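# Examining the three-dimensional arrangement
Listed below are the residues making up each chain.
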Amino acid sequence: SSSFAIEDVFTISSVSEIGGISAMATALEGMDPDAFVTGEQDPQAMMMEVYSELDVHQLSFTIRDEGLLDKVFAVMGPQQGMTAEDMRGMAVGMTAMLPAMTSGMGIDQAIAADLATALRVFLSGEQDELTISFNPETSFALGDLMADPTLLTQERLGFTATAN
């Protein structure tokens, strides 16, 4: 468990159980920045190798809004020629489009719908915490998921998104 806070802005906390960290470190040691420049190593392929070593058993992130959203909308609203509240309303409205935006990407629509609902509640200010969790029955390898996005199902990932 770890957390990071900026007073009067936000607190981010996380809980995780991830296997393969040592194997990932070994893969990172094999990276040669000069070889990337010369084209001898493909950075994207190397990162796939690094991530393929990780197995997620449990992962959860929570952000607690302690003034962040008010500050963001107060800055962004006038930049867009609108009030902070109008900007907030636009952001909340855009969350409804998340399932449609992800429909052609192979992402489970249950994930998109849950995330959209949680984001709507969080961005609206109705609740001040947003939690995104992965708690699968059996661990999953990040490399497998990146290689085949159809494996990104709510059931397989144990995905939940909540605002409270």
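As the structure is a prediction and not an experimental result, all values here were calculated from the model.

### Regarding the overall build of the chain
- Within the chain, the secondary structure is distributed over nine helices and six strands.
- Taken along the three principal axes of its C-alpha coordinates, the chain extends 50 × 40 × 35 Å.
- Within the span of the chain, comprising 164 residues, buried residues form 30% of the whole.
- Excluding contacts between residues fewer than 6 apart, the proportion of contacts in the chain whose partners are at least 24 apart in sequence is 67%.
- A total accessible area of about 9600 Å² is found for the chain, and carbon and sulfur atoms account for 58% of it.

### Concerning the side chain of T102
- Tracing the backbone shows T102 in helix α6 (residues 98-102).
- The class for T102 is buried, based on a relative accessible area of 10%.
- If sequence neighbours within four positions are ignored, T102 has contacts with I107, Q109 and A112.

### Remarks on the pattern of salt bridges
- What the rule picks out here adds up to five salt bridges.
- Across the pair D128 and R64 runs a salt bridge whose closest N-O atoms are separated by 3.3 Å. You can see D128 sitting in the loop between α7 (109-124) and β4 (129-134) and its partner R64 sitting in strand β3 (residues 55-65), a full 64 residues away along the chain.
- Given the relative accessible area of 31%, R64 is considered partly exposed.
- Across the salt bridge formed by E129 and R64, the nearest N and O atoms sit 2.8 Å from each other. Of the two residues, E129 sits in strand β4 while R64 sits in strand β3, which places them 65 residues apart along the sequence.
- Bridged by salt links that share partners, the residues R64, D128 and E129 form one connected network.

### A few points about the packing of aromatic side chains
- Taken as a whole, this structure holds three aromatic pairs when the rule is applied.
- For the pair F134 and F140, a centre-to-centre distance of 6.3 Å together with 65 degrees between the ring planes defines the contact as edge-to-face. In this structure, F134 and F140 share a single accessibility class: buried.
- Through pairs of rings, three or more aromatic residues link up here, namely F134, F140 and F159.

### Observations concerning the nonpolar core
- In this structure, F73, F122, L123, F134, F140, L157 and F159 are the most contacted members of the largest nonpolar core, which totals 21 residues.
- Elements with a minimum of two residues in this core: β3, α4 (68-79), α5 (84-95), α7, β4 and β6 (159-163).
- Here this core gets four residues from one element, more than from any other, and that element is α7.
- When sequence neighbours within four positions are dropped, the list of residues in contact with F73 reads P78, A84, M87, R88, A91 and L123.
- In terms of nonpolar packing, the next biggest core, distinct from the first, is built from six residues, M24, M46, V50 and L54 among them.

### Looking at the side chain of S133
- Relative to the assigned elements, S133 resides in strand β4.
- A polar atom in the side chain of S133 sits 2.9 Å from the side chain of S60.

Basis of the calculations
Residues numbered from 1 in each chain as written. Predicted model: local features only at pLDDT ≥ 70, side-chain atom pairs only at ≥ 80, totals over all residues. Heavy atoms only, no water. Helix = DSSP H or I, 4+ residues; strand = E, 2+ residues; numbered from the N terminus. Buried < 20%, exposed > 50% of the residue type's maximum accessible area, 1.4 Å probe, protein only. Contact = heavy atoms within 4.5 Å. Areas by Shrake-Rupley, 256 points an atom, 1.4 Å probe, with all protein chains shown as cover. Salt bridge = Lys/Arg side-chain N within 4 Å of Asp/Glu carboxyl O. Phe/Tyr/Trp six-rings, centres within 6.5 Å; stacked < 30°, edge-to-face > 60°. Core = buried A, V, L, I, M, F, W, Y, C linked by side-chain atoms within 4.5 Å. Polar contact = N/O pair within 3.5 Å; in protein donor to acceptor, adjacent residues only side chain to side chain.

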